[in-house]
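Structure at a glance
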Amino acid sequence: MFNDVDDLSDCKVLLVEDSVINQKIIQVCLADLCDVAVVESGEEAIEYCLQSAPDLILMDWILTGITGLEACKLLQSKPSTANIPVIFVTSNVGESQQEECWDAGAVDFIGKPIVARTLVNRVKTHLKYKKQADLLREYSYVDGLTGVFNRRYFSQEMDRHYRQGQRANTTLSMIILDVDNFKKYNDHYGHLKGDDVLKSVAKVLKHCTRRPLDGAFRYGGEEFAVLLPNTPKEAAFEIAQNIINGLHQLGIEHAESPFDVVTASAGVSSTHTASDPAELIKQADTALYEAKKNGRNRVIEFSPEHEKSI
Ligand SMILES: Nc1nc2c(ncn2[C@@H]2O[C@H](COP(=O)(O)OP(=O)(O)OP(=O)(O)O)[C@@H](O)[C@H]2O)c(=O)[nH]1
């Protein structure tokens with residue numbers, strides 16, 4: 001899992017330094033290790049990090065405008081930048097300055113004048129830590145069998161997208177999808193073949209949800225969820241239909257199904273009718289129940305009528 005952390009060439013270090021000579025020295029030292037971007041002030045550093053987070057920041061202490069220490073504290077206070085490790089590069093290495101570095105949230109400091117080997121080794125060590133932490137976070141969010149996100153991440157993403165949709169006044173839609181007659185499939189073909197079916201479903205989901213904010217999740221055993229931020233229910237219905245058709249067209253033999261191939265059913269809901277995340281999920285589930293009741297291999301969009309029929 002961690003074999004690829006030794007290659008740091010895809011890592012980006014942001015150097016916050018207003019001395020051109022120091023910029024050049026550090027860039028030359030790190031040239032063979034990783035990518036280095038340079039900004040000259042704390043304000044620019046914060047703006048840069050909000051656009052695209054680097055893997056590590058090398059921060060000068062004394063800068064024009066806010067100090068490096070203040071910039072570090074500001075970065076630590078924002079959820080989207082708090083994970084970026086900051087190393088101070090400073091000639092202020094007295095005891096009280098070191099205390100201030102730690103208090104500001106820095107992970108390390110490097111004294112000036114710079115010793116090339118120390119700089120390279122410290123940067124290498126912290127980039128490796130960062131890469132390992134990123135990988136662990138990614139793995140803890142991904143379902144091991146299917147490669148789509150897991151249910152824990154679904155809960156986080158649901159909350160985040162719901163709140164974002166409320167703020168921006170946009171519609172969040174969701175799909176819940178369940179493989180049809182899957183117990184019979186497992187009983188007939190065996191559990192391993194069943195696992196292959198789940199992998200195929202995940203592939204179709206990934207193929208049909210391509211916008212950057214769309215997310216596909218394994219919601220339960222043979223149940224999947226799709227979150228579609230900024231997507232009206234009509235468009236969500238179409239995406240669900242594409243998924244159902246896509247799976248049907250794979251033509252995976254299912255001798256125990258009336259369709260002869262593996263199919264799935266889906267329920268669609270949106271914040272047009274749901275007023276909180278729990279209701280959004282419940283409504284998609286209700287619509288899925290209707291799809292199963294109406295013969296399977298189909299998509300049903302939630303309607304308040306369904307609640308009366310339960
Ligand atoms: N192979 C495999 N099977 C799983 C996994 N998770 C859940 N299942 C199986 O999925 C089946 C779901 O069965 P049911 O809930 O009865 O649903 P169904 O047979 O698909 O029937 P309908 O949903 O009504 O069409 C059970 O047999 C579970 O054991 C998994 O990770 N791999």
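Residues numbered from 1 in each chain as written. Predicted model: local features only at pLDDT ≥ 70, side-chain atom pairs only at ≥ 80, totals over all residues.

1. Focus: the overall build of the protein chain
Formally: Secondary structure elements follow DSSP: runs of H or I of four or more residues count as helices, runs of E of two or more count as strands, with numbering from the N terminus. Remark: C-beta atoms are placed from the backbone, and a residue is labelled buried if 20 or more other C-beta atoms sit within 10 Å of its own, exposed if 12 or fewer do, or partly exposed between those counts. By the convention adopted here, residues make contact when the C-beta atoms placed from their backbones lie within 7 Å.
Scanning the protein chain from N- to C-terminus turns up 11 helices and 10 strands. Counting only residues that meet the buried cut, the protein chain has 37% of its 310 residues in that class. Taking contacts inside the protein chain between residues at least 6 apart in sequence as the whole, the part at least 24 apart equals 62%.

2. Notes on the sheet that holds strand S2 (residues 35–39)
For the record, the criterion: Should DSSP find at least two bridges between two strands, the strands are taken to pair. The axes are straight lines fitted to the C-alpha atoms, using for helices just the contacting stretch, and the angles between their N-to-C directions are given from 0 to 180°.
The 5 strands are arranged S2-S1-S3-S4-S5 in an open sheet whose pairing can be described as parallel. On the outer flanks of this sheet lie S2 and strand S5 (108–111), each paired with one strand and no other. The mean angle between the axes of side-by-side strands here comes to 20°, regardless of whether they run parallel or antiparallel. By the bridge criterion, 4 bridges tie strand S1 (residues 12–16) to strand S3 (residues 56–60) in an arrangement that is parallel. Pairing of Leu 15 across the sheet is with Leu 58, part of S3. Of the strands in this sheet, S1, S3 and strand S4 (86–90) touch helix H3 (residues 68–77), which is tilted by about 150° from S3.

3. Some words on the nonpolar core
Generally speaking, nonpolar side chains in soluble globular proteins are found buried as a group. Under the convention used in this document: The term nonpolar core refers to a group of buried residues, namely Ala, Val, Leu, Ile, Met, Phe, Trp, Tyr and Cys, whose C-beta atoms join them within 7 Å.
With 47 residues, the main nonpolar core has Met 174, Ile 175, Ala 225, Ile 243, Ala 266 and Ala 284 as its most contacted residues. The contacts of Ala 225, once residues within four sequence positions are left out, are Phe 154, Met 174, Ile 175, Ile 176, Phe 217 and Tyr 219. If you look at the next biggest cluster of nonpolar residues, it comprises 36 residues, including Leu 15, Val 39, Ile 84 and Leu 127.

4. Here we look at the packing of helix H1 (residues 20–30) against helix H5 (residues 116–141)
The packing of two helices is summarised by the inter-axis angle and the distance between the axes. Stated formally: Crossing handedness follows the turn of the near helix against the far one: under a right angle anticlockwise gives a left-handed crossing, and clockwise gives a right-handed one.
Remark: H1 packs on H5, axes separated minimally by 10 Å, with the N-to-C direction vectors making an angle of 65°. At the point where H1 passes H5, the crossing takes the right-handed sense. Contacts from Ile 26, Cys 29 and Leu 30 in H1 reach Ala 116, Leu 119, Val 120 and Val 123 in H5.

5. Regarding the environment of Leu 119
Residue position: Leu 119 is located in helix H5. Here the alpha-carbon distance between Leu 119 and Leu 58, two residues 61 residues apart in the chain, equals 9.9 Å. In this view, Leu 119 contacts Ile 26, Cys 29, Ile 110 and Ile 114; residues no more than four positions away in its chain are not counted.

6. Comments concerning unusual backbone geometry
Between Lys 112 and Pro 113 the backbone carries a cis peptide bond, its omega angle lying at 0°. Among the structural elements, Pro 113 can be located in the loop between S5 and H5. Positive phi, close to 70°, is recorded for Asp 260, a residue that is not glycine. Mapped onto the secondary structure, Asp 260 falls in the loop between helix H9 (233–250) and strand S9 (264–270). If you check the backbone angles, Arg 296 has positive phi at about 70° while not being a glycine. Along the chain, Arg 296 falls in the loop between helix H10 (277–293) and strand S10 (299–301).

7. Notes on the site of the ligand
Rules: In this analysis a residue is considered near a molecule or strand if the C-beta atom, reconstructed from its backbone, is found within 6 Å of that molecule or strand. Amino acids are sorted into nonpolar (Ala, Val, Leu, Ile, Met, Phe, Trp, Tyr, Cys and Pro), charged (Asp, Glu, Lys and Arg) and polar (every other residue, Gly among them).
Around the ligand sit 17 residues in total, of which Asp 180, Phe 182, Lys 183, Gly 194 and Gly 221 are the nearest. Its residues placed into classes, the shell around the ligand shows 4 nonpolar, 5 polar and 8 charged.

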